[in-house]
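Per-entry structural report
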Amino acid sequence: MSLAVAVAVALFVGVLAYALFGGADFGSGFFDLTAGSAEEGAELRLLIDHSIGPVWEANHVWLIYVLVMWWTGFPETFAATTTTLILPLALALLGIVLRGASFAFRKYSGSLAQARIFGAVFAGSSLITPFFLGAVAGAVASGRVPAEGNGPVLDSWLHPTSLFGGVIAVGACIFLAGTFLTADAQRSGHEALAERLRVKTLGVGIVTGGIVFAALVPIRHDAPTLSDRLLGVATPLIVVSGIAGAATLVLLWRRRHAVARVAAAVSVAAVILGWGVAQYPWMLVDQVTIEDAAGARSTLIGLLIVVALAGVIVLPSLAYLFWLTQTEEWSRDDEHDSTSPRPSGGSATI
């Protein structure tokens with residue numbers, strides 16, 4: 001493996017991690033949006049806040065990682081992509097900002113009307129962001145980004161591959177979120193809520209799976225380079241995705257929610273890996289290869305050193321954070337603190 005390919009692999013690992021961890025957070029917006037009225041949906045919205053509250057900001061570490069790796073390791077293709085796909089990238093960024101702000105502000109709303117407004121913004125931006133990120137991936141994979149940049153502002157992403165990419169990204173996020181939230185609801189003893197989430201997730205999984213395989217037909221004509229490899233070297237991964245997706249549905253049907261989370265993650269990861277394998281060896285399909293796009297050798301070496309250091313310093317912290325949230329240890333500590341005697345003669349220290 002060459003130095004450039006090693007950096008590209010490290011970059012793609014970040015894409016995969018953001019799709020899985022950040023995607024599950026984004027998908028929760030759909031369930032927030034369809035939870036019902038303030039009274040009917042209170043239980044589900046509290047579950048969403050409880051599930052993603054401790055980790056939603058940490059998940060964006062992967063997006064920052066991807067952007068830094070891309071613009072320093074492959075600067076010319078980063079410039080070409082951002083100048084060509086400025087509109088969907090700007091809309092995705094807007095969605096990220098609005099989502100984070102509304103998620104925080106909703107908790108401190110002064111009235112029910114304000115909470116509803118912030119809730120609607122949170123839900124809408126949670127769906128908009130993965131759509132436009134998927135559209136960007138589709139534009140790159142279909143060869144619509146010219147090597148010199150400044151491609152068509154609209155035509156570069158308003159085509160079947162990008163649009164299907166956006167829809168599949170949204171569906172995958174909702175599917176992941178539904179599977180995770182169902183398991184969280186069951187673990188916390190909310191059986192009725194887990195049942196409602198299970199039914200919705202089953203429906204989303206069936207629809208998303210159908211879209212993934214239906215998309216292969218228009219992509220065949222719209223992005224022949226990508227399609228040839230999807231139906232060639234990447235076919236085993238597409239098959240794995242289908243099998244894991246079907247296994248997730250069966251596990252949800254049988255109420256094996258904890259195991260279903262693993263199968264759902266494998267299904268989505270296999271789709272993303274299939275796209276990565278199908279795009280190789282291109283950085284910009286039909287335009288620039290990974291080898292030709294790579295920056296200076298010293299920069300690539302420096303990036304790999306940073307990746308190794310991050311693996312030692314950052315990954316254990318993230319793993320510990322997810323362990324705390326999945327085992328509920330952090331909430332148990334909060335409960336213990338709330339029941340502990342407070343010092344007399346003053347308020348508790350925050």
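In case you missed it, the structure is sitting above this.
Being a predicted model, the structure only gives us computed values, none of them experimental.

Below, the discussion takes up the overall build of the protein. Secondary structure assignment for the protein yields 15 helices and two strands. What you see for the protein is a C-alpha radius of gyration of 21 Å, in line with the 20 Å of a compact globule of 350 residues. In terms of overall dimensions, the protein has a C-alpha envelope of 70 × 45 × 35 Å along the principal axes. For the protein, the proportion of its 350 residues judged to be buried stands at 45%. Within the protein, contacts between residues separated by at least 24 positions form 78% of all contacts whose residues are at least 6 apart in sequence. Summed over its atoms, the accessible surface of the protein is roughly 16800 Å², and 70% of this surface lies on carbon and sulfur atoms.

As a further point, take the packing of aromatic side chains. Within this structure, the stated rule accounts for twelve aromatic pairs. Centre to centre, the rings of phenylalanine 21 and phenylalanine 322 are 5.0 Å apart; their planes meet at 35°, and the pair counts as tilted. Placement of phenylalanine 21 in helix H1 (residues 3-33) and of phenylalanine 322 in helix H14 (residues 297-327) is noted, with a sequence separation of 301 residues between them. Here phenylalanine 21 falls in the partly exposed class, since its relative accessible area comes to 34%. The rings of Trp70, Trp71 and Phe78 are connected pair by pair, giving a single aromatic cluster. Lying across the ring of tryptophan 253, arginine 198 places its NZ or CZ 5.7 Å from the centre.

Before going further, it helps to examine the nonpolar core. Membership of the largest hydrophobic core comes to 38 residues, with the highest contact counts inside it found for Leu11, Met69, Phe74, Leu85, Met283 and Ile290. Residue assignment for this core shows that the elements contributing at least two residues are H1, helix H3 (61-73), helix H4 (75-84), helix H5 (86-106), helix H6 (112-141), strand S1 (282-284), helix H13 (290-293) and H14. The element that contributes the greatest number of residues to this core is H1, accounting for nine residues. Those residues in contact with leucine 11, other than ones at most four positions away along the chain, are Tyr65, Val66, Met69, Trp70, Phe74 and Met283. Grouped together as the second largest cluster of nonpolar side chains are 35 residues, Ile52, Ala177, Leu193 and Ala269 included.

Turning our attention to helix H7 (residues 160-187). Between its first and last C-alpha, H7 extends 40 Å over 28 residues, near the 40 Å set by a 1.5 Å rise per residue. Within H7, 20 of the 28 residues are buried, which leaves the element mostly enclosed by the surrounding structure.

Let's shift gears to the environment of aspartate 286. Assignment of secondary structure puts aspartate 286 in the loop between S1 and strand S2 (288-289). Sequence separation of aspartate 286 and leucine 226 is 60 residues, and the distance between their C-alpha atoms is 9.4 Å. Only 2.8 Å separates the side chain of aspartate 286 from the side chain of threonine 225, close enough to count as a polar contact.

Quick look at a nonpolar patch on the surface now. A cluster of nonpolar residues, Val61, Ile301, Ile305, Leu309, Val312, Ile313 and Val314, forms a patch on the protein surface that exposes about 610 Å² of accessible area. In terms of residue count, the dominant contributor to the nonpolar patch is H14 (six residues).

Here the focus is unusual backbone geometry. The peptide bond linking tyrosine 280 to proline 281 adopts the cis configuration, its omega dihedral lying at 10°. Despite not being glycine, asparagine 150 has its phi angle at roughly 55°, a positive value. Note on placement: asparagine 150 falls in the loop between H6 and H7.

Quick look at the packing of H7 against helix H8 (residues 191-214) now. In contact at an axis separation of 8 Å, H7 and H8 are set at 155° when each is read in the N-to-C sense. In terms of orientation, H7 lies roughly antiparallel with respect to H8. Relative to H8, the crossing made by H7 is left-handed. Taken together, the residues of the contact of H7 with H8 sort by class into 14 nonpolar, eight polar and two charged.

Criteria and cut-off values
- Residues numbered from 1 in each chain as written.
- Predicted model: local features only at pLDDT ≥ 70, side-chain atom pairs only at ≥ 80, totals over all residues.
- Heavy atoms only, no water.
- Helix = DSSP H or I, 4+ residues; strand = E, 2+ residues; numbered from the N terminus.
- Rg over C-alpha atoms; globule rule 2.2 N^0.38 Å.
- Buried < 20%, exposed > 50% of the residue type's maximum accessible area, 1.4 Å probe, protein only.
- Contact = heavy atoms within 4.5 Å.
- Areas by Shrake-Rupley, 256 points an atom, 1.4 Å probe, with all protein chains shown as cover.
- Phe/Tyr/Trp six-rings, centres within 6.5 Å; stacked < 30°, edge-to-face > 60°.
- Lys NZ or Arg CZ within 6 Å of the ring centre and 35° of its normal.
- Core = buried A, V, L, I, M, F, W, Y, C linked by side-chain atoms within 4.5 Å.
- Expected span 1.5 Å × (residues − 1).
- Polar contact = N/O pair within 3.5 Å; in protein donor to acceptor, adjacent residues only side chain to side chain.
- Patch = residues over 30% accessible without salt bridge, like charges linked within 9 Å, V, L, I, M, F, W, Y side chains within 5 Å.
- Salt bridge = Lys/Arg side-chain N within 4 Å of Asp/Glu carboxyl O.
- Axes fitted to C-alpha atoms, helices over the stretch in contact; angles between N-to-C directions.
- Parallel < 35°, antiparallel > 145°, perpendicular 65-115°, else oblique.
- Left-handed = near helix turned anticlockwise from the far one by under 90°.
- Nonpolar A, V, L, I, M, F, W, Y, C, P; charged D, E, K, R; others polar.

As far as function goes, none of this settles anything; it's purely spatial.
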